Protein chains: 2
Amino acid sequence: MSDSQTQVGRPRAFDLDKALQKALEVFWEKGYEGASLPDLTEAMGINKPSLYAAFGNKEQLFLKAVELYENRPCAFFKPALLQPTAYQVAEHMLFGAAAANADPSHPKGCVVVQGALSCSDSANNVKQALIEKRRNGELQLQQRLEQAKAAGELPADADCGALASYLVVQIQGMSIQAASGASAERLQQVAAIALQGFKAMLQPG
Amino acid sequence: MSDSQTQVGRPRAFDLDKALQKALEVFWEKGYEGASLPDLTEAMGINKPSLYAAFGNKEQLFLKAVELYENRPCAFFKPALLQPTAYQVAEHMLFGAAAANADPSHPKGCVVVQGALSCSDSANNVKQALIEKRRNGELQLQQRLEQAKAAGELPADADCGALASYLVVQIQGMSIQAASGASAERLQQVAAIALQGFKAMLQPG
DNA sequence: CTTTATTTGTACTAATCGGTAAAAAACTAA
DNA sequence: TTAGTTTTTTACCGATTAGTACAAATAAAG
């Protein structure tokens, strides 16, 4: 294993994490295919050989940027799953999505949704990777709801798969709305309506 | 005005509408930027000069394909607006979206949503045109709901803008879900939940 | 100082992108 | 048959794409 303190050779002149953050912003705005290498290198403040030496290639750079996206401090999905009740999970999920998708401090919408939705065949790996991430997130939500069902929070005949899909549809739909210019206030109104719809499903009958 | 019966010169060897239909299918699957000219010409059965002579350029071809998409017989959005009550409008909209987005006879999802969501700067015209179409559709839905509100179907304090956004979020979210591989049955379940949520907003309080 | 390892900037590659010039081909009108 | 008009085919254009070869630069190690 290499020692990160003492490394031989010319030292890297840029910060890996900051460069990846800049790459994420470019991918966030333009998507995987829409972001060209000049777009990326200019934003990252490095040139192409440095990018390839540090991150492999464009596809690996994108996947690392998405990983950073999912784990960034203001990400809302995973924390929402930790809420104590199903209702609070949904509440945090919906209002978290409303806030995050319209946050003016970064591009609108969701990278996992918009990064490679319709694309050429050469982007198929990335497209499939994002589909897998979306499915995995929905599955985690479904499992969280099944846990709540076992705890008696949901009716015995509740379809946790359908409920999870319903919530994911809200998040993904808000992502599109945000990309269309919807305001944070409007997304909050949508979240409130959606939350009422979810609440109704918590009552038996 | 030209007589469509007697036209001078070499006759066109392909059918304009069928070629446009084929172009739509390619754009539907790969998006505006993801669809290359070889992709298009191969599917349309023509070569590039014929394409440019008949449709202008790639951008104009895309916009004409979207126009065909919006007016095709199985489109659900405009017919839903003609339903007699707000509830029926929502019902047709939601279940129409569930059916259309997962229809196996064509690519999954919605061209207006996925055609140019995240893209390079060179696709900005198309991106803005699709945003405008999405906003216009939402505005039409809002106006239909305001009409229903004037007819006493909705509470006096109902926010038709928020309700329209809520319904549009369902449609656009289902489009993403379909692109992620969701089944028609699953989308119908989501539509049913969403419709219950909308129904609850029809009652005052 | 020399050697070795790594990053840097410059310049390049082959392939693909959207778009078009030019001539042959196929039709109507005279 | 001849002229005029439009479409088709082939071959090309400059620009851009992702990716890389190579040498200069910069560090630690001996």
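The rules behind the values
- Residues numbered from 1 in each chain as written.
- Chains lettered and ligands numbered in written order.
- Predicted model: local features only at pLDDT ≥ 70, side-chain atom pairs only at ≥ 80, totals over all residues.
- Heavy atoms only, no water.
- 1 Å grid on protein atoms, 1.4 Å probe; cavity = no way out; pocket = protein on both sides within 12 Å on 5 of 7 lines; lining within 4 Å.
- Points joined across faces, edges and corners; volume = space filled by probe spheres on them.
- Helix = DSSP H or I, 4+ residues; strand = E, 2+ residues; numbered from the N terminus.
- Nonpolar A, V, L, I, M, F, W, Y, C, P; charged D, E, K, R; others polar.
- Phe/Tyr/Trp six-rings, centres within 6.5 Å; stacked < 30°, edge-to-face > 60°.
- Buried < 20%, exposed > 50% of the residue type's maximum accessible area, 1.4 Å probe, protein only.
- Core = buried A, V, L, I, M, F, W, Y, C linked by side-chain atoms within 4.5 Å.
- Contact = heavy atoms within 4.5 Å.
- Polar contact = N/O pair within 3.5 Å; in protein donor to acceptor, adjacent residues only side chain to side chain.
- Buried area = accessible area lost by both parts, 1.4 Å probe.
- Salt bridge = Lys/Arg side-chain N within 4 Å of Asp/Glu carboxyl O.

Engineer: Just to check I follow, could you spell out empty space enclosed by the protein for this structure?
Structural biologist: Take a probe with the size of a water molecule and roll it over the atoms, and the empty space left behind shows itself. Across all of its chains, the model carries 2 cavities of 30 Å³ or more by this definition. Put simply, the largest cavity is a space of about 160 Å³. Along its surface, the largest cavity is lined by 22 residues, and A:Ser118, A:Cys119, B:Glu33, B:Ser118 and B:Cys119 are the ones closest to its centre. Elements that contribute at least two residues to the lining of the largest cavity include exactly α1 (16-34) of chain A together with α1 (16-34) of chain B. Within the lining of the largest cavity, the residues separate by chemical class into 8 nonpolar, 10 polar and 4 charged. Surrounding the second largest cavity, A:Trp28, A:Tyr69, A:Arg72, A:Phe76, A:Ala100, A:Asn101, A:His106 and A:Gly109 form its lining. Taken together, the residues that form the lining of the second largest cavity break down as 4 nonpolar, 3 polar and 1 charged.

Engineer: I keep staring at the packing of aromatic side chains and nothing clicks. Help me out?
Structural biologist: Where two aromatic rings form a pair, the distance of their centres and the angle of their planes describe that pair. Residue and element names in this part refer to chain B. For the structure shown, the criterion picks out 8 aromatic pairs over all chains. Ring centres of phenylalanine 27 and phenylalanine 62 lie 4.9 Å apart, and the angle between their planes is 90°; on these two criteria the pair is classed as edge-to-face. Here phenylalanine 62 lies in helix α4 (residues 58-71) and phenylalanine 27 lies in helix α1, a separation of 35 residues in the sequence. Look at phenylalanine 27 and you get buried, because its relative accessible area is 1%.

Engineer: Sorry if this is basic, but what is going on with the nonpolar core here?
Structural biologist: In globular proteins that are soluble, nonpolar side chains generally tend to be buried together. With 73 residues, the main nonpolar core has A:Leu141, A:Tyr166, A:Met174, B:Leu141, B:Tyr166 and B:Met174 as its most contacted residues. In this structure B:Met174 touches A:Val169, B:Leu94, B:Ala97, B:Ala98, B:Asn101, B:Leu187, B:Val190 and B:Ala191, once residues within four positions along its chain are discounted. If you look at the next biggest cluster of nonpolar residues, it comprises 67 residues, including A:Phe27, A:Ala54, B:Leu40 and B:Cys110.

Engineer: Would you mind showing me how to read the side chain of A:Ser120 here?
Structural biologist: Residues and elements named next belong to chain A. Relative to the elements of secondary structure, serine 120 occurs in the loop between α7 (111-114) and α8 (124-150). Judged by relative accessible area, which is 16%, serine 120 ranks as buried. Among the polar contacts listed, one links the side chain of serine 120 to the side chain of serine 122, at a separation of 3.0 Å.

Engineer: How should the interface of chain B and chain A be read in this particular structure?
Structural biologist: Note: interface size is frequently given as the accessible area lost on complex formation between the parts. Tallying the contact residues gives 43 residues for chain B and 43 residues for chain A. Roughly 3,500 Å² of surface becomes buried between chain B and chain A when both sides are summed, with 57% attributable to carbon and sulfur atoms. Here chain B is connected to chain A by 4 salt bridges. If you look at where chain B meets chain A, you find 19 residue pairs in polar contact (both at pLDDT 80 or more). Put simply, the parts of the chain that give the side of chain B that touches chain A at least two residues each are α1, α7 (111-114), α8 (124-150), α9 (160-179) and α10 (184-200) of chain B. Considered class by class, the residues forming the side of chain B that touches chain A number 17 nonpolar, 16 polar and 10 charged.

In short, geometric facts, not functional conclusions.
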